[in-house]
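# Structure assessment
Okay, here's what each chain looks like letter by letter:
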Amino acid sequence: MVSFTKLVSALSLVGLGATSPTLESARSLWARHVSLCNTAKDNLTAIMPSDINTRGGRPLLPPIADAPTWVALSVGVQNYTCSEDGTWAAFGAVTELFDISCIPLTAQASFTTFVHDLWLAAPPETTALDLIAQFDKLNPPYALGQHYFVPNRGNASDPNIYAKWDFSSAVLKHDQNAKNAYAVGVRTGQVPSPDDPAHDADWLSLTPLLVDGKPDGELADQVFRLHSNGGNPPDSCIPGSPVLSVKSILNFWFYGGAWESVN
């Protein structure tokens, strides 16, 4: 439990660092539904390896704006099921999302790794749902929401599940447009992690899933997944094995969306 407490304490610092607002002003910003700090400093080209699209996979698309609307730390698990051929198949994820806009751009990767080490040290019985429940109880201004997977509500015959980022229960729950404070994404690019591709989840670019010709949710017009720490499963499995949850820490950058002009 001590390790879990350390993890919670570390995550509680993301909006209260030396460059961040005071707790009182942070809560004021939260009430206005904006990032805790200005995201103009967060330039994707400054941290993206120049050869990121030459390492295999499907090239990432360029960002649609100069700066993101939200910069989030994702803490949780990637889930996998064992296929009949003895390999693990992705089966969604469950994570809590935290505002890291106050962390300097050059420190975001190292902070993500630091939190990853704490998450690994947390008791094995501690789940991503425990983390979500903890921060839901605290109701802090730096908890943005949750990330999980959903079916295509516009096509019941679609066998796939899709990434969803939902801020409607946390930072945007009091917004007049809270019912649309989410985004469901479709991958537009997927490349191996430039750090440890065997261990770390792929980096992604995503665009909104369309339902009846309209984006499913208004949280973002584009999402990037980067700075992944962990998340990949072992190479093989025994068919019939239970669902495997692999601890994962990474960053999501959200561009555009209904709250772009507010931030």
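Residues numbered from 1 in each chain as written. Predicted model: local features only at pLDDT ≥ 70, side-chain atom pairs only at ≥ 80, totals over all residues. Heavy atoms only, no water.

In the annotation of an unreviewed UniProt entry, the chain is listed under the name Malate dehydrogenase and assigned to Phlebiopsis gigantea.

### Some points on the pairing of strand β10 (residues 244-255)
Counting buried positions along β10 gives 10 out of 12 residues, so the element sits mostly inside the fold. Of the strand pairs in this sheet, strand β1 (residues 70-82) and β10 are connected by 11 bridges, and their pairing is antiparallel. In the strand pairing of β10, Y80 is matched with L244. In this structure, strand β9 (residues 222-230) lies alongside β10, joined through 7 bridges in antiparallel fashion. (Buried < 20%, exposed > 50% of the residue type's maximum accessible area, 1.4 Å probe, protein only. Helix = DSSP H or I, 4+ residues; strand = E, 2+ residues; numbered from the N terminus. Pairing = 2+ DSSP bridges.)

### Notes on the sheet that holds strand β6 (residues 203-208)
In space, the 8 strands of this closed barrel follow the order β1-β2-β3-β4-β5-β6-β9-β10, with antiparallel pairing throughout. Direction aside, neighbouring strands of the sheet carry axes that sit 35 degrees apart on average. Relative to β9, β6 runs antiparallel, the two sharing 3 bridges. Bridged to S205 within β9 is F224. The strands that helix α4 (residues 108-121) touches are β1, β9 and β10; relative to β10, the one it contacts most, it runs at about 155 degrees. (Axes fitted to C-alpha atoms, helices over the stretch in contact; angles between N-to-C directions. Contact = heavy atoms within 4.5 Å.)

### Notes on the state of the cysteines
For the structure on display, the rule yields 2 disulfides. Residue pairing for C37: its cysteine sulfur links by disulfide to C102, the two sulfurs lying 2.1 Å apart. Sign of the S-S torsion, about 90 degrees for the bond between C37 and C102, identifies this disulfide as right-handed. With a gap of 65 residues between them, C37 in the loop between α2 (23-31) and α3 (44-47) and C102 in the loop between β2 (88-99) and α4 connect regions that are remote in the sequence. Neither residue differs from the other here; C37 and C102 are each classed as buried. Each sulfur in the disulfide pair C82 and C237 lies 2.1 Å from the other. Taking the torsion about the S-S bond as the criterion, the C82 to C237 disulfide, at about 95 degrees, is right-handed. (Disulfide = S-S within 2.5 Å.)

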